[in-house]
Amino acid sequence: MTDKATVDLSGAAQTMLTTLYLKALDAEFESPVLGDRFASDAVSNIEYDWASLGVSERWAPLVTVRTALFDRWARDFLEQHPDATVVHLGCGLDSRVFRLAPGPEVRWFDVDFPGVIDLRRQVYPARDGYRLLASSATDPSWLQQIPNDRPTLLLAEGISMYLTESEGLDLLRAVVDHFSSGEIQIDFYSRLAIRTQRMHKLNRTTGSTLYWGVESPADVLERVAGVRLLDQRTFFDAETFDRNSRLFSTVAGVGRLVPAVHRALQYHRYGFGPSD
């Protein structure tokens, strides 16, 4: 790529730059959590003052632990359903479709705001079975562009907290109604994490606002008909957490003593439709 891509984003969409940069920093670690070389290449191909984000490599696990867990869950789904449809909603600049390199029978859709999709087209190559959809997550029209004839995985990483509770619940219900079977893999902030958002540097820098907080899977199971819980983790008990820095190990000790801290960052996996 000879000309670097330029960025013109604001609000919640801008947070994807920090997410991408932290993944690129992780890729330089001797023992990375995610090891995403595609993120490193993307950072190199975007014209941006990355230092202006004000983040350092020590914060990378906040992103990479979650992404590495969802990669594992997504691989597991694709092993069970090699002809699946995958919908990565709010994909940002994540390179999951390239990291996982799904087989030729998989249909993969990355969905995000038009400005984000435009930037993805500049940074990442085309791929067989791979389609980009420019749409807000809350605009139901994107669902109508995706066939519902296969088991479907909805990946919703780093998006729920930017939706209101009603928007989020309506979205999950619409997915379950549209697709006949599959999984929803989604992360949530707790209500405490939402209430303390002004302490988060990322939100202050981008001017984004967080809305929807969830205390446990029961908040979803009781309000979205047709879903069943397959797995749940928090930031502190994801498989790759043990590769974190001393800072996060110390926070994990606090989390074991203070449940509100332990459930601040949650990762949920739900099934819907007939079970195998």
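The text that follows walks through the structure, step by step, so that each part is easy to find. (Residues numbered from 1 in each chain as written. Predicted model: local features only at pLDDT ≥ 70, side-chain atom pairs only at ≥ 80, totals over all residues. Heavy atoms only, no water.)

Looking only at helices and strands, the protein features 12 helices and 9 strands. Sequence-distant contacts, at least 24 apart, represent 74% of the contacts inside the protein between residues at least 6 apart. (Helix = DSSP H or I, 4+ residues; strand = E, 2+ residues; numbered from the N terminus. Contact = heavy atoms within 4.5 Å.)

Helix 3 (residues 61-80) packs onto helix 1 (residues 15-26) with a crossing angle of 85 degrees between their chain directions and a minimal axis gap of 9 Å. Considering the angle they form, helix 1 stands roughly perpendicular to helix 3. Residue-level inspection shows T19, L22, K23 and D26 of helix 1 in contact with helix 3, the latter providing V63, T64 and T67. Each residue belonging to the contact of helix 1 with helix 3 can be placed in one class, and the counts come to 2 nonpolar, 3 polar and 2 charged. (Axes fitted to C-alpha atoms, helices over the stretch in contact; angles between N-to-C directions. Parallel < 35°, antiparallel > 145°, perpendicular 65-115°, else oblique. Nonpolar A, V, L, I, M, F, W, Y, C, P; charged D, E, K, R; others polar.)

The biggest cluster of nonpolar side chains holds 51 residues, and the ones touching the most others in it are L20, W50, L78, L93, W108 and Y267. Of all the secondary-structure elements, those providing two or more residues to this core are helix 1, helix 2 (37-44), helix 3, helix 4 (96-100), helix 5 (114-123), strand 5 (130-134), strand 6 (152-156) and strand 9 (265-272). The element that contributes the greatest number of residues to this core is helix 3, accounting for 9 residues. Counting residues in each nonpolar core, the second largest holds 29 residues, with A137, L172, W212 and V220 among its members. (Core = buried A, V, L, I, M, F, W, Y, C linked by side-chain atoms within 4.5 Å. Buried < 20%, exposed > 50% of the residue type's maximum accessible area, 1.4 Å probe, protein only.)

This part takes up the sheet that holds strand 4 (residues 107-112). The strand order 5-4-3-6-7-9-8 describes an open sheet built from 7 strands, whose pairing is mixed. Whereas interior strands pair on both sides, the edge strands pair on one side only; in this sheet they are strand 5 and strand 8 (227-234). Taken pair by pair, the neighbouring strands of this sheet meet at an average axis angle of 15 degrees, ignoring direction. Bridging between strand 6 and strand 7 (residues 182-189) involves 5 bridges; their strand directions are parallel. Considered in strand 7, the bridge of L155 is made with Q185. Across the face of the sheet, helix 5 comes into contact with strand 4 and strand 5 while running at roughly 145 degrees to strand 5. Of the strands in this sheet, strand 3 (85-89), strand 6, strand 7, strand 8 and strand 9 touch helix 7 (residues 165-178), which is tilted by about 170 degrees from strand 7. (Pairing = 2+ DSSP bridges.)

Turning our attention to the packing of aromatic side chains. By the definition in use, this model includes 9 aromatic pairs. Taking the centre distance of 5.9 Å and the plane angle of 35 degrees together, the rings of F38 and F98 count as tilted. With F38 in helix 2 and F98 in helix 4, this pair connects stretches of sequence that are 60 residues apart. A relative accessible area of 35% means that F38 is categorised as partly exposed. Look at F98 and you get buried, because its relative accessible area is 12%. Ring pairs connect the aromatic residues F38, F98, Y124 and Y130, which therefore count as one cluster. (Phe/Tyr/Trp six-rings, centres within 6.5 Å; stacked < 30°, edge-to-face > 60°.)

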